[in-house]
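Survey of secondary and tertiary structure
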Amino acid sequence: NAGVMQNPRHLVRRRGQEARLRCSPMKGHSHVYWYRQLPEEGLKFMVYLQKENIIDESGMPKERFSAEFPKEGPSILRIQQVVRGDSAAYFCASSPTYNEQFFGPGTRLTVL
Amino acid sequence: GESVGLHLPTLSVQEGDNSIINCAYSNSASDYFIWYKQESGKGPQFIIDIRSNMDKRQGQRVTVLLNKTVKHLSLQIAATQPGDSAVYFCAENQRSASGGSNYKLTFGKGTLLTVNP
């Protein structure tokens, strides 16, 4: 049973470009969460989605960031016009119903 | 604001010793706590969880203790092994904005555990 998958594992972008991070939840999981981790920091909640719905985006920056979880396909975290401060590790987690969240390996975004 | 934090940023132990990692929380409304282990370059891995109606929970070589009076959480690892070397995070679980059954996690900063052979 495959775990949570994220791709790419490493992503390099220049300032002003767009970054697209993908997350495929575990089979049977319909709840997806995105977190951001800065170096030597804990993970910070960004957004919680169910299929085709954003449930809680209280941790998302108001501008440039968006997330979706379509009926078919992976969840996408999109960052437009990236800046150096967006450099971080972005983790996706999924859960079947509630509580225990299974994390993916993360995407490490570097903005040059 | 309310947050979850850790007392010690680093902990170094000898192989075979017991390890204790501490965590303080300030949100009295938190009702669910989790410990995660994160190895370098990997995502957090679930270790053990505990609900606020419990004081203690045991797993394989790990025990979590919850003291609601002083809002303190600890993770005990018995007979620590080199493979236990990682960063350990405590996290608290909060209801989503819609009040649904899923929760978002608030993580502390983490404790780096180093096990010396």
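Scroll up for the structure.
Presented here is a report on the structure given in the accompanying data block.

What counts and how
Residues numbered from 1 in each chain as written. Chains lettered and ligands numbered in written order. Predicted model: local features only at pLDDT ≥ 70, side-chain atom pairs only at ≥ 80, totals over all residues. Heavy atoms only, no water. Helix = DSSP H or I, 4+ residues; strand = E, 2+ residues; numbered from the N terminus. Rg over C-alpha atoms; globule rule 2.2 N^0.38 Å. Buried < 20%, exposed > 50% of the residue type's maximum accessible area, 1.4 Å probe, protein only. Contact = heavy atoms within 4.5 Å. Areas by Shrake-Rupley, 256 points an atom, 1.4 Å probe, with all protein chains shown as cover. Pairing = 2+ DSSP bridges. Axes fitted to C-alpha atoms, helices over the stretch in contact; angles between N-to-C directions. Disulfide = S-S within 2.5 Å. 1 Å grid on protein atoms, 1.4 Å probe; cavity = no way out; pocket = protein on both sides within 12 Å on 5 of 7 lines; lining within 4 Å. Points joined across faces, edges and corners; volume = space filled by probe spheres on them.

1. Regarding the overall build of chain A
Within chain A, the regular secondary structure consists of 0 helices and 11 strands. Its helices and strands taken in sequence order, chain A reads β-β-β-β-β-β-β-β-β-β-β from the N to the C terminus. For 112 residues, the compact-globule estimate of 2.2 N^0.38 gives 13 Å, and chain A sits close to it at 13 Å. With respect to the three principal axes, the spread of C-alpha positions in chain A is 35 × 25 × 25 Å. Looking at chain A as a whole, 44% of its 112 residues qualify as buried. Considering only contacts within chain A whose residues lie at least 6 apart along the sequence, 52% involve residues at least 24 apart. Total accessible area computed for chain A in this model is approximately 5,700 Å², and 47% of it derives from carbon and sulfur atoms.

2. What to know about the sheet that holds strand 7 (residues 65-68) of chain A
Residues and elements named next belong to chain A. Strand order in the open sheet made by the 4 strands is 1-3-8-7, with antiparallel pairing throughout. The open sheet has two edge strands with one neighbour each: strand 1 (5-7) and strand 7. Averaged over all pairs of adjacent strands, the angle between strand axes in this sheet comes to 15°, irrespective of strand direction.

3. Considerations on the state of the cysteines
Residue and element names in this part refer to chain A. Summed over all chains, the structure comprises 2 disulfides over all chains. Between the sulfur atoms of Cys-23 and its disulfide mate Cys-92 the distance is 1.7 Å. Across the S-S bond of Cys-23 and Cys-92 the torsion is about -50°, and the bridge reads as left-handed. In this pair, Cys-23 sits in strand 3 (residues 19-24) while Cys-92 sits in strand 9 (residues 88-95), placing the two residues 69 residues apart along the sequence. Each of the two residues, Cys-23 as well as Cys-92, counts as buried.

4. Some details on the environment of Pro61(A)
All names here are of chain A. On the secondary structure map, Pro-61 appears in the loop between strand 6 (53-56) and strand 7. A relative accessible area of 27% means that Pro-61 is categorised as partly exposed. For the pair Pro-61 and Arg-84, spaced 23 residues apart in the sequence, the C-alpha separation amounts to 15 Å. Apart from the residues within four sequence positions on either side, Pro-61 is in contact with Arg-36 and Met-46.

5. Here we look at the environment of Pro74(A)
Residues and elements named next belong to chain A. Mapped onto the fold, Pro-74 is located in the loop between strand 7 and strand 8 (75-79). For Pro-74, a relative accessible area of 28% translates into the label partly exposed. Considered as a pair, Pro-74 and Gln-6 are 68 residues apart in the sequence and their alpha carbons are 9.1 Å apart. Discounting chain neighbours no more than four positions away, the residues touching Pro-74 are Arg-22, Cys-23, Ser-24 and Phe-69.

6. Topic: the layout of surface pockets
Taken as a whole, the largest pocket holds about 550 Å³ of empty space. Around the largest pocket, the lining comprises 24 residues; the ones closest to its centre are Gln37(A), Pro39(A), Glu40(A), Gln38(B) and Val87(B). Listed by contribution, the elements that provide at least two residues to the lining of the largest pocket are strand 9 and strand 11 (107-111) of chain A together with strand 9 (86-95) and strand 11 (111-116) of chain B. The leading source of residues in the lining of the largest pocket is strand 9 of chain B, at 3 residues.

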